[in-house]
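Coordinate inspection notes
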Amino acid sequence: MRRIALAGIAAVLFAPPVSAQETTLRAVTAFAEGTQFSRHFERFIEKVNADGKGLIKINYVGGPRTMPPFEVGNAVRTRVVDLANVTGAFYTNLMPEADAFKLMAKPTGKYRQDGSWEYINQLHNQKLNAWFLARQFNNVPFHIYLNRKIDKIDLTGLKIRVTPIYKDVVEAYGGTPITTAPGEVYTALERGVVDGYGWPVLGIFDLGWDKVTKFRLEPAFYAADVNILVNLDAWKGLNDAQRKLLTDTAIWIENADADVVPVIQSERERQAKAGIQALDFGPAASKAFLERAANVGWESVIKRSPEAGAKLRKLAGN
Ligand code: 173
């Protein structure tokens, strides 16, 4: 009897912790559910939940209907949520340096090898109490879309819907920036409250904006950053196996847009078919625009955060 009892105790004491409780993380997205910039995050969640059975579970509570997009960064900071899909442009109030990510386009995966990821993660640890898990959509550029025809790149007299992504460049070209969340763009266009808006080359069909858009200004500029952030206390509370699963799945989803060039081409064709006309003023005008967009973008970041801004510009290599 005694021997059996001791064996039983030993089994309990030395058994591997296979029955450790599954951890549940609450997640939100700053973009409408099921649309372009939430889709990769949703694939990420599905894969974590499939591969992580018994280990980790992500409870996806939704998008902008659950939480205003510009509040998502703060919700991660304060652990109202554990995990979020959000662009840096939506949390520049807490972290002005996040405005630089649009200027840091790199081949997929490169930023994990050249020191950029470490520094960006450090900034998130310090300023957002967050772990920088992934950057998706490394290579998807932006455009200014317009409803008024212009005959050169000049936005004088035009009201343009912006986020911090486009604000400096719109001002540099004489436009009046009006900041709104994506959910307000359709109505603003329909009512003529704005004459145009900034948005990536992908995604305008998701919310029906093709019906209220006439022109797309060339060239494409900057690169969208859509990031997966984890509250830092939640991250520290996970065990190694849980952290490894999240990191591996993050890298898997980062690679999802590695070959985005044909996707962009077909979206441009789809826009043309929907009657959206490209306004292209030739290579010299495009080159000047790109240089100016980069310069005003960096100047604005460096003005708000001199040291970190300069360091990010160096890491960006442009
Ligand atoms: O709302 C926006 O226009 C914006 O800033 C953004 C950033 C990344 C992807 C999509 C939109």
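Please refer to the structure placed before this passage.
Before going into details, it helps to say that this report is about the structure given with it. (Residues numbered from 1 in each chain as written. Predicted model: local features only at pLDDT ≥ 70, side-chain atom pairs only at ≥ 80, totals over all residues. Heavy atoms only, no water.)

The omega torsion across Glu218 and Pro219 is 5°, close enough to zero to call that bond cis. One can find Pro219 in strand S9 (residues 215-221). In this model, Arg79 sits at a positive phi of 60°, which is unusual for a non-glycine residue. Relative to the helices and strands, Arg79 is located in the loop between helix H3 (72-77) and strand S3 (83-86). Its identity as a non-glycine residue notwithstanding, Asn129 has a phi of 50°, on the positive side. (Helix = DSSP H or I, 4+ residues; strand = E, 2+ residues; numbered from the N terminus.)

A word on the site of the ligand. Near the ligand you find 14 residues, and of these Arg161, Thr163, Ile165, Tyr166 and Trp199 are the closest. Arg161 is positioned with one of its side-chain polar atoms (N or O) 2.8 Å from an oxygen atom of the ligand. Here Tyr166 contributes a side-chain N or O atom positioned 2.5 Å from an oxygen atom of the ligand. Where the shell around the ligand is concerned, the elements lending two or more residues are helix H6 (164-172) and strand S8 (196-200). Element by element, the count of residues in the shell around the ligand is highest for S8, at 3 residues. The residue makeup of the shell around the ligand, split by class, is 10 nonpolar, 3 polar and 1 charged. (Near = heavy atom within 4 Å. Polar contact = N/O pair within 3.5 Å; in protein donor to acceptor, adjacent residues only side chain to side chain. Nonpolar A, V, L, I, M, F, W, Y, C, P; charged D, E, K, R; others polar.)

Pairing analysis gives 4 bridges linking strand S6 (residues 159-162) to strand S7 (residues 176-179), with the strands arranged parallel. In the strand pairing of S7, Val162 is matched with Thr179. A crossover links S6 with its parallel partner S7, the connecting element being H6, and its sense is right-handed. Note that S6 and S8 share 2 bridges and pair parallel. From the neighbouring strand, Ile160 faces S8, where its bridge partner is Gly196. (Pairing = 2+ DSSP bridges. Right-handed = clockwise from strand over helix to strand, strands pointing away.)

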